[in-house]
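The lines below spell out each chain.
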Amino acid sequence: MIEFRGVTKRFPDGTVAVDDLDLQVEDGGITVFVGPSGCGKTTSLRMVNRMIDATEGTILVNGRDVMQTDAAELRRGIGYVIQQAGLFPHRTIVDNIATVPLLLGWNRKKARERALELMQTVGLTPEMAERYPTQLSGGQQQRVGVARALAADPPVLLMDEPFSAVDPVVRESLQDELLKLQSELGKTIVFVTHDIDEAVKLGDRVAVFRVGGRLAQYDEPGVLLARPADDFVDNFVGRDRGYRGLSFLSSKTMPLHPLRTARSGERTEQGWTLILDDDGRPLGWHHDRRGGAAVDVEHLVPGGSLYEVASGSLRSALDAALSSPSGQGVAIDDDGRAVGAVAADDVLDALAAARRDEAA
Amino acid sequence: MTWVLGNLELIRELTLEHLWFALVPVVIGLVLAIPLGWLANRTRLGRTFTINVSGLLYTVPSLALFVLLPPLLGTRILDPINVIVALTIYTVALLVRTVADGLSAVSPVVVNAATAMGYTPLRRFLAVELPLSVPVVLAGLRVAAVSSISLVTVGAVIGFGGLGRMFTDGFQRDIPQEIITGIVLVLLIALVVDGLLLLLGRALTPWDRVGRPAKGRA
């Protein structure tokens, strides 16, 4: 566990970057530090592995005061993923990843094997092993950065705006992979970002910092969106927080309505019909003005987003309903087969029910 | 040509002497310039100081240095060590700046990453900063080596000039072939050494010449 006790960082010019921070990072979860620039989130992160030393207060990592630990030794035990990956340009991918194991004195063969294993873990193909960082795309470099941080299997991982330099599409896939990786590894991760959406998506808990280095709110993301502590947090979490907050409300009891379906070549009744493939997965919508027309799969109306029943996310249920051309959101099971329809009204009812449960 | 064929033994001896006087200072100079360049790169003041002093040293005429050094070093005026020391000073003067430039060209992101991985400062310098400054340092080393090879000839005035002695001797005894042979050989040595350093640089920096990534997604 990482614990900040009354930690202050004052720079020689008098600026206070972090002001009397008290915070506990839970084991085995992702804790996100988020806030506008100059809020001290990065400084706070860097004080954990002593890239910056605190002016006052104590930081404990697994019960040990970091200031009482040799800085280089401390850092070898903490994974660090830096902005723009920060890979060593003169070393091949496999050697980059093997950095910390080699510093810890592993033999070359073992360090290399571990590096190759991690390349697979983060989704890099083995033929990249002998390439140099400049030969990789930004997203690939960032994966190498993650693999390098994980190489010596440290219990704690610090991630300093790791995905800020890649394009939004790649960023989203890197985020998804981090979540997947974390579900397998269960590391204690501290993640810094200025992007509240990223914070809410990745964090088990989110610490919102305000300018001047003060902690404004430290809560689970659902709570942050539902009940911001003050105007600053309210403003910072931004617009649509009611809608985004739906991601954190789940309802296993959302009613599913029967759905009219048909397959290619079949005749349909008047109105909207969902067309399925042979395995029962939705292909799109067919609209029949008079009834009795044959389904032509080449001319379907594209469907909206899909609601995975297993996720139980009210946000995805509502989005499915709103984005569907027929007004009926398509619910699917784990295999992607259509199992029923959801309506926007049901989401609002489920929301009201969830609020009642919370109040009770 | 007849002069050359008749004096092969002398030419061989002078060429070896020339290489010795030219390259020993380059090696010593590089070894000295690395820690000095590192120091220069640590603070702004250190940088200004070292770079100005080394710039100043380089402007001292070589002949004057050969004459000035014996009283300073306590050596005899006709001691070959004077040539070695003088050329080492020039090499250091040239290379301190190059090393400092090379080190400051290393991306701070990379240096920070190395620190965060748990490198101690010395190990980081040897394993990350120095290797990454090789392309810049090597370019400076090529200039220093060529300049040292040419400066050795001035040492002929005090009797230790390698192939430069063919200039003085050829001039005094009026043997133009000897002077021309000396010039050609000095140029040849400079070209060969420069080429070898270029190859050495390539061997040390395979990462510096790899292609850019093909367009593609993560």
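A brief look at the structure comes next. Being a predicted model, the structure only gives us computed values, none of them experimental.

### Quick look at the interface of chain A and chain B
Counting from both sides, the interface comprises 26 residues of chain A and, opposite them, 21 residues of chain B. Among the elements that take part in the side of chain A that touches chain B, helix H2 (residues 71-76) of chain A stands out by supplying 4 residues, more than any other. By residue class, the composition of the side of chain A that touches chain B is 12 nonpolar, 11 polar and 3 charged.

### With respect to the sheet that holds strand S16 (residues 338-342) of chain A
Residues and elements named next belong to chain A. Here 3 strands make up an open sheet; going across it, the order is S14-S15-S16 and the pairing mixed. The outermost strands of the open sheet, each flanked by one partner alone, are strand S14 (306-308) and S16. Going from strand to strand, the sheet's axes swing by 35° on average, the running direction of each strand aside. In terms of strand pairing, S14 meets strand S15 (residues 329-332) through 3 bridges, oriented parallel. Its bridge partner being in S15, Tyr307 is matched across the sheet by Ala331. Along the sheet, helix H12 (residues 314-323) contacts S14, S15 and S16; its crossing angle with S14, the most-contacted strand, is approximately 155°.

### Describing the nonpolar core
Within the largest apolar cluster, 120 residues are counted, with the highest numbers of intra-cluster contacts made by Val48(A) and Ile97(A). The greatest single-element share of this core, amounting to 14 residues, is contributed by helix H5 (residues 80-104) of chain B. In this structure Val48(A) touches Ile2(A), Ile59(A), Val61(A), Val66(A), Ile78(A), Leu158(A) and Val190(A), once residues within four positions along its chain are discounted. Counting residues in hydrophobic clusters, the runner-up holds 21 residues, among them Met254(A), Leu259(A), Ala343(A) and Ala350(A).

### Quick notes on unusual backbone geometry
All names here are of chain A. Residue Asn62 is not a glycine yet carries a positive backbone phi of 50°. Inspection of the secondary structure puts Asn62 in the loop between strand S4 (56-61) and strand S5 (64-65). Of note, Glu161 is a non-glycine position whose phi angle comes to about 40°, a positive value.

### Overview of the pairing of strand S9 (residues 205-210) of chain A
All names here are of chain A. In the sheet, strand S3 (residues 30-34) pairs with S9 via 4 bridges, with the strands oriented parallel. Within S9, the position partnered with Val34 by the bridge is Val208. Pairing geometry for S9 and strand S10 (residues 214-219), over 5 bridges, is antiparallel. Looking across to S10, one finds that Phe209 is bridged to Leu215. Between the end of S9 and the start of S10, which pair antiparallel, lie 3 residues, with Gly212 showing a positive phi angle near 100°.

What counts as what
- Residues numbered from 1 in each chain as written.
- Chains lettered and ligands numbered in written order.
- Predicted model: local features only at pLDDT ≥ 70, side-chain atom pairs only at ≥ 80, totals over all residues.
- Contact = placed C-beta atoms within 7 Å.
- Helix = DSSP H or I, 4+ residues; strand = E, 2+ residues; numbered from the N terminus.
- Nonpolar A, V, L, I, M, F, W, Y, C, P; charged D, E, K, R; others polar.
- Pairing = 2+ DSSP bridges.
- Axes fitted to C-alpha atoms, helices over the stretch in contact; angles between N-to-C directions.
- Core = buried A, V, L, I, M, F, W, Y, C linked by C-beta atoms within 7 Å.
- Buried ≥ 20, exposed ≤ 12 C-beta atoms within 10 Å, placed from the backbone.

These figures come from the coordinates and say nothing about function on their own.
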